[in-house]
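Structural overview
For reference, the chains in residue letters:
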Amino acid sequence: MAIRTILTQGDPALAKACHAVTRFDDKLCSLLDDLKETLADAGGIGLAAPQVGILRRAVIVMPDPERDEMIELVNPEILAQEGSQDGWEGCLSLPGMWGKVERPNWVKVRAQDRYGNWFETEGTEMAARCFCHELEHLEGHMYDEHTDRLYTAEELDEILSSEEKEGKKLRRGRRKR
């Protein structure tokens, strides 16, 4: 296993559609293992093969960071989606920047494992957001295409702090009634 370099926005590989994985061999297993190690090292919750310069349809997602479980998705596709949610997203290929993005609240994904076996998985909220975000990388797209503005980490901290203070004021106001 090896930690690979994560490409950043502007690298041509991030704007290209990926090819389907057709060979389920040691090379694919090494790629998936490297993606896992790279993701763990970077502290992210998802990583797609094109983010390390490999134009193949493979991603690693950690849909529930508290469980510390990574799911390998090879040749993934979204089968169904429902609902809507707005939330903040960042990307290892756009370090230090954040944007508010609308995503489905629930998605169902069909993919293959490292051995070529098909399976389905689904997720809500953060998991749904993560699946959508990573699968977009396979088509040469990034989340910044869905947001009006990118924010620095400092700006995001200010916004979240402000929202938290406002939320506390609203909760206090409701109790007085």
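Here the structure is a predicted model, which is why all the values come from computation and not from measurement.

**Focus: the overall build of the chain**
- Scanning the chain from terminus to terminus reveals 3 helices and 8 strands.
- Traced from its N-terminal end to its C-terminal end, the chain shows the element sequence α-β-β-β-β-β-β-β-α-β-α.
- The 177 residues of the chain split such that 41% are buried.
- Look at the contacts in the chain between residues 6 or more apart in sequence, and 65% of them connect residues 24 or more apart.

**Describing the sheet that holds strand S6 (residues 106-112)**
- Strand order in the open sheet formed by 5 strands is S1-S2-S3-S6-S7, and the pairing between neighbours is antiparallel. Two strands in the sheet have a free side with no partner beyond their single neighbour: strand S1 (46-48) and strand S7 (118-124). The sheet shows a mean angle of 35° between the axes of neighbouring strands, direction not considered.
- Pairing between strand S3 (residues 71-82) and S6: 6 bridges, direction antiparallel. Directly across from Glu-77, in S6, lies its bridge partner Arg-110.

**Looking at the side chain of Gln-112**
- Structurally, the position occupied by Gln-112 is in strand S6.
- Only 3.0 Å separates the side chain of Gln-112 from the backbone oxygen of Gly-116, close enough to count as a polar contact.
- Residue contacts for Gln-112: discarding those within four places in its chain leaves Phe-24, Glu-72, Leu-73, Val-74, Asn-75, Asn-117, Trp-118 and Phe-119.

**Some thoughts on the pattern of salt bridges**
- Applying the stated criterion to the full structure yields 13 salt bridges.
- As a salt-bridge pair, Asp-33 and Arg-114 come within 2.7 Å of each other at their nearest N and O atoms. Separated by 81 residues along the polypeptide, Asp-33 in helix H1 (residues 26-42) and Arg-114 in the loop between S6 and S7 bring together distant segments of the chain.
- For Asp-33, a relative accessible area of 22% gives the class partly exposed.
- Look at Arg-114 and you get buried, because its relative accessible area is 11%.
- For Arg-103, the salt bridge is made with Glu-89, and the minimal N-O distance between the two is 2.7 Å. Remark: Glu-89 occurs in strand S4 (residues 85-91) and Arg-103 occurs in strand S5 (residues 94-103); sequence separation between them is 14 residues. Each member of the pair, Arg-103 as well as Glu-89, is classed as buried.
- Through salt bridges with shared partners, one network takes in Asp-33, Lys-36, Glu-72 and Arg-114.

**Considerations on the side chain of Ser-93**
- Relative to the assigned elements, Ser-93 resides in the loop between S4 and S5.
- Looking at Ser-93, its side chain comes within polar contact range of the main-chain oxygen of Leu-7, at 2.7 Å.

**Describing the pairing of S7**
- As paired elements, S6 and S7 share 7 bridges and run antiparallel to each other. Residue pairing for S7: Arg-110 is matched across the bridge by Glu-120.
- Count of turn residues in the S6/S7 antiparallel hairpin: 5 residues, of which Gly-116 carries a positive phi of about 95°.

Rules and cut-offs
Residues numbered from 1 in each chain as written. Predicted model: local features only at pLDDT ≥ 70, side-chain atom pairs only at ≥ 80, totals over all residues. Heavy atoms only, no water. Helix = DSSP H or I, 4+ residues; strand = E, 2+ residues; numbered from the N terminus. Buried < 20%, exposed > 50% of the residue type's maximum accessible area, 1.4 Å probe, protein only. Contact = heavy atoms within 4.5 Å. Pairing = 2+ DSSP bridges. Axes fitted to C-alpha atoms, helices over the stretch in contact; angles between N-to-C directions. Polar contact = N/O pair within 3.5 Å; in protein donor to acceptor, adjacent residues only side chain to side chain. Salt bridge = Lys/Arg side-chain N within 4 Å of Asp/Glu carboxyl O.

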